[in-house]
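Okay, here's what each chain looks like letter by letter:
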Protein chains: 2
Amino acid sequence: MKHLGKHLILELWGCDNKALDDQVGIENMLVDAVDACGATLICVKTHKFSPQGVTGVAVLAESHISIHSWPELGYAAMDIFTCGEHVNPEDAIPTIRSFLKPDNFEVINIQRGNIVD
Amino acid sequence: MKHLGKHLILELWGCDNKALDDQVGIENMLVDAVDACGATLICVKTHKFSPQGVTGVAVLAESHISIHSWPELGYAAMDIFTCGEHVNPEDAIPTIRSFLKPDNFEVINIQRGNIVD
């Protein structure tokens, strides 16, 4: 069976609270994560909430990487969704770990667009 | 157990091929889907690929809605991720069904950010 997309769902707990609320840092992390997995960035958009929390999405030629953060809980929900054989979403993980420093890193791996040969 | 986010993963097959390649139509569908589930749009970004395919992401105050389409296969991968009690991601589904007209509509429902009371 083939699949069109690789979708990693990351549940990140015990993250660095300051990093989770750092809009510029998160935008840089997204751009670095895109580079790390060999994807092509179309655009990146981040938004800072009041009093806290950041949302960010990197739109890729190969799908997207997103983050929604809850600094007060040390939690971030991330998705790394890529298509194409030349991109490996797992290669983005070290960049994310290095910036957010989660104590607990859970990954759910979903294959999107399954096609029976 | 509580959760911070509701994440619907939609696997849509047998869609209208023209709709899947219609950048303006997909952007309108995303905006309408955001309205339908009572979410707040921060921005929407769509991109048309050559020779075919569209990527679109609506960034929300309550997370995001995304689509990646393969018109040649009649397939779209969509995600509706919302947080907060006032938004129900299921309410976006009729808008999506109406525009893309999938023959086969599979939903995977993932609770993000689970917290044990």
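Residues numbered from 1 in each chain as written. Chains lettered and ligands numbered in written order. Predicted model: local features only at pLDDT ≥ 70, side-chain atom pairs only at ≥ 80, totals over all residues. Heavy atoms only, no water.

## Some remarks on the pattern of salt bridges
Next up, step 1: Within the structure shown, the criterion is met by 6 salt bridges over all chains.
Next up, step 2: The partner of Glu11 of chain B in a salt bridge is Arg112 of chain A, with the nearest N and O atoms 2.5 Å apart. With Glu11 of chain B in strand β1 (residues 2–13) and Arg112 of chain A in strand β6 (residues 104–115), this pair bridges two chains. Each of the two residues, Glu11 of chain B as well as Arg112 of chain A, counts as buried.
Next up, step 3: Three or more residues are tied together by salt bridges with common partners; here these are Glu11 and Asp79 of chain A together with Arg112 of chain B. (Salt bridge = Lys/Arg side-chain N within 4 Å of Asp/Glu carboxyl O. Helix = DSSP H or I, 4+ residues; strand = E, 2+ residues; numbered from the N terminus. Buried < 20%, exposed > 50% of the residue type's maximum accessible area, 1.4 Å probe, protein only.)

## With respect to the interface of chain B and chain A
The figure often quoted for interface size is the accessible area lost as the parts come together.
Next up, step 1: Contact residues are listed per partner, giving 33 residues for chain B and 33 residues for chain A.
Next up, step 2: Interface area lost by chain B to chain A is led by Leu4, Trp70 and Arg112 of chain B, which between them contribute 19%.
Next up, step 3: Scanning the region where chain B abuts chain A turns up 4 salt bridges.
Next up, step 4: Residue Arg112 of chain A pairs with Asp79 of chain B through a salt bridge whose shortest N-O separation is 3.1 Å.
Next up, step 5: Contributions of two or more residues to the side of chain B that touches chain A are made by β1, β2 (41–48), β3 (54–60), β4 (63–70), β5 (75–83) and β6 (104–115) of chain B. (Contact = heavy atoms within 4.5 Å. Buried area = accessible area lost by both parts, 1.4 Å probe.)

## Quick notes on the relation of the copies chain B and chain A
Next up, step 1: The two copies are related by a screw motion: chain B maps onto chain A through a turn of 180° and a shift of 0.0 Å along the axis, at an RMSD of 0.0 Å. What the rotation and shift describe, once combined, is the action of a two-fold rotation axis. Of the C-alpha atoms belonging to chain B, the one lying closest to the rotation axis is found on Val57 of chain B, 4.0 Å away.
Next up, step 2: Most of the interface of chain B is mirrored in chain A, where 100% of its interface residues again form contacts. (Least-squares fit on C-alpha atoms with pLDDT ≥ 70 in both.)

## Some thoughts on helix α2 (residues 23–36) of chain A
Residues and elements named next belong to chain A.
Next up, step 1: Helix length check: α2, at 14 residues, gives a terminal C-alpha distance of 20 Å against a target of 20 Å (1.5 Å per residue), a fit within 8%.
Next up, step 2: Turning to α2, its buried residues number three or more, namely Gly25, Ile26, Met29, Leu30, Ala33 and Val34.
Next up, step 3: Contacts from the buried residues of α2 go to α1 (17–20), β2 (41–48), β3 (54–60), β4 (63–70), β5 (75–83) and α3 (93–100).
Next up, step 4: Looking one or two places after α2, you find Gly38, whose phi comes out positive at around 75°. (Expected span 1.5 Å × (residues − 1).)

## Observations concerning the UniProt feature "active site" (unreviewed entry) in chain A
Next up, step 1: Mapped onto this numbering, the UniProt entry gives "active site" (unreviewed entry) at Ser63, His68 and Cys83 of chain A.
Next up, step 2: Within the secondary structure, Ser63 of chain A sits in strand β4.
Next up, step 3: Counting through the fold element by element, Cys83 of chain A comes out in strand β5.
Next up, step 4: Looking at Cys83 of chain A, the relative accessible area reads 15%, which means it is buried.
Next up, step 5: Among residues more than four places away in sequence, those in contact with Cys83 of chain A are Leu4, Gly5, Glu62 and Ser63 of chain A together with Trp70 of chain B. (UniProt positions renumbered as here; feature names shortened; annotations may be inferred.)

## Structural notes on the sheet that holds β2 of chain B
Consider a sheet: its strands pair through backbone hydrogen bonds, and that pairing is either parallel or antiparallel.
Residue and element names in this part refer to chain B.
Next up, step 1: The 6 strands lie next to each other as β2-β3-β4-β5-β1-β6, forming an open sheet whose pairing is antiparallel. At either end of the open sheet lies a strand with only one pairing partner, and these are β2 and β6. Averaged over all pairs of adjacent strands, the angle between strand axes in this sheet comes to 10°, irrespective of strand direction.
Next up, step 2: Inspection of the sheet shows β3 paired to β4 by 6 bridges, in the antiparallel sense. Within the sheet, the bridge partner assigned to Leu60 lies in β4 and is Ser63.
Next up, step 3: Together, β2, β3, β4 and β5 form the strand contacts of helix α2 (residues 23–36), whose direction differs from that of β2 by roughly 160°.
Next up, step 4: Contacts between helix α3 (residues 93–100) and the sheet are confined to β1, β4, β5 and β6, with β5 contributing the most and set at about 165° to the helix. (Pairing = 2+ DSSP bridges. Axes fitted to C-alpha atoms, helices over the stretch in contact; angles between N-to-C directions.)

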